[in-house]
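# A closer look at the structure
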Amino acid sequence: KCVVDCSDGWTIDGSAGMYECSASGEFSGTPPTCQPNQCTEGVPSGSDLMVDASCSSVVTSESCTVSCAVGFTGDAAEFTCSATGMLEGTLPTCAPQSCSEGVPASAAITDTCDAVVFGSKCVVSCSVGFELSDGSSTQEWECAWDAAAQKVALQGQLPDCEPL
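These remarks concern the structure in this document. Quick caveat: nothing in here was measured; it's all calculated off a predicted structure.

Rules behind the numbers
Starting afresh in each chain, residues are numbered from 1 along the sequence in its written order. In view of the model being predicted, local features appear only for residues whose pLDDT reaches at least 70, and side-chain atom pairs are presented and counted only at 80 or more, with totals across whole chains, interfaces and linings using the full set of residues. Excluding hydrogens and water, the side-chain figures rest on all heavy atoms present in the structure. Here a strand is any run of E in DSSP of at least two residues, a helix any run of H or I of at least four, and the numbering for each starts at the N terminus. Atoms counted for the radius of gyration: C-alpha only. Globule rule: 2.2 Å times the number of residues to the power 0.38. Remark: exposure states derive from per-residue accessible area (1.4 Å probe, protein chains only) relative to the maximum for the residue type, with buried under 20%, exposed over 50%, and partly exposed in between. Note on definitions: a residue-residue contact is assigned when non-hydrogen atoms from the two residues lie within 4.5 Å. The Shrake-Rupley method, run with a 1.4 Å probe sphere, supplies the accessible areas, and residue values consider only the shown protein chains as cover. The working definition used for a salt bridge is a side-chain nitrogen of Lys or Arg within 4 Å of a carboxyl oxygen of Asp or Glu. Being paired, for any two strands, means DSSP has found at least two bridges between them. Simply put, an axis is a line fit to the C-alpha atoms, just over the touching stretch for a helix, and the angle between two N-to-C directions goes from 0 to 180 degrees. Pairs of N or O atoms within 3.5 Å make up the polar contacts considered here, provided that, within protein, one atom can donate a hydrogen while the other can accept it, and that residues adjacent in sequence are counted only when both atoms are side-chain atoms.

### Describing the overall build of the protein chain
Scanning the protein chain from terminus to terminus reveals zero helices and 17 strands. Over its C-alpha atoms the protein chain spans a radius of gyration of 29 Å, topping by over 25% the 15 Å that the globule rule assigns to 164 residues. For the protein chain, the spread of C-alpha atoms along the principal axes amounts to about 105 × 25 × 25 Å. Counting across all 164 residues of the protein chain, residues that qualify as buried make up 29%. Here the analysis covers contacts within the protein chain between residues at least 6 apart in sequence; of these, 37% occur between residues at least 24 apart. Taken as a whole, the protein chain presents about 10000 Å² of accessible surface, with 49% of it coming from carbon and sulfur.

### So, the pattern of salt bridges
Applying the stated rule across the entire model yields three salt bridges. Lys1 is the partner of Glu20 in a salt bridge, and the nearest nitrogen-oxygen pair spans 3.8 Å. One end of the pair, Glu20, is in strand β3 (residues 17–21); the other, Lys1, is in the segment before β1 (2–4), with 19 residues separating them in the sequence. Taking relative accessible area as the criterion, Glu20 reaches 43% and is therefore assigned partly exposed.

### Some words on the sheet that holds β3
Read across the open sheet, the three strands follow the order β1-β3-β4; overall the sheet is antiparallel. With partners counted over all chains shown, the strands left at the sheet margins are β1 and β4 (27–29), one partner each. Put simply, the sheet's adjacent strands are angled 35 degrees from each other on average, direction ignored. Both β3 and β4 contribute to a ladder of three bridges, which runs antiparallel. Bridge pairing links Tyr19 to Gly29 in β4.

### Considering the side chain of Ser82
On the secondary structure map, Ser82 appears in the loop between β9 (77–81) and β10 (87–88). In this structure Ser82 comes out as buried when scored by relative accessible area, which is 14%. Side chain to side chain, Ser82 and Thr84 meet in a polar contact 2.7 Å long. Residues in contact with Ser82, not counting those within four places in the same chain, are Cys39, Thr60 and Glu88.

### Section: the sheet that holds strand β7 (residues 63–68)
Across the sheet, which stays open at both edges, the four strands sit in the order β6-β7-β9-β10 with antiparallel pairing between neighbours. The open sheet is flanked by β6 (49–51) and β10, the only strands paired with a single partner. Where β9 meets β10, two bridges bridge the pair, whose relative direction is antiparallel. Along β10, the bridge assignment pairs Thr80 with Glu88.

### Looking at the pairing of β7
In this structure, β6 lies alongside β7, joined through three bridges in antiparallel fashion. By the bridge assignment, Met50 is partnered in β7 with Ser67.

Listed below in structure tokens is the structure:
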């Protein structure tokens with residue numbers, strides 16, 4: 001007789017299986033019922049990541065997808081629940097997207113917004129030969145996610161500049 005139990009990463013539901021070797025040399029018996037364990041460690045996190053909701057409930061041998069969050073670019077990666085209870089995989093390399101459309105062109109405006117990436121800020125102010133009008137100030141713009149346009153875009157207010 002021999003006892004058959006569950007593999008690592010699985011929990012027995014009931015009792016172990018018992019097998020006997022018959023005179024013909026074949027084993028006979030009933031296998032145990034085994035349930036996969038849930039992965040409780042290694043769920044990726046980060047502001048640059050979009051972790052599929054299923055990653056918090058995957059069980060042994062199941063997989064889930066981790067991709068880059070809005071405002072970032074990069075290839076998605078698959079994570080698999082290992083027998084140790086750890087979600088394993090290689091994090092995607094996510095890079096912030098650039099805001100390619102700049103501040104509206106105007107002779108009165110100058111800015112530091114070239115090559116600004118998602119989550120970064122820049123300054124928009126009056127050009128040489130112009131000054132801020134009463135109540136106006138230099139403005140800080142941000143490269144942020146524009147949900148309506150479904151892309152990153154510079155967002156902010158233009159300063160009110162007058163000729164000197």
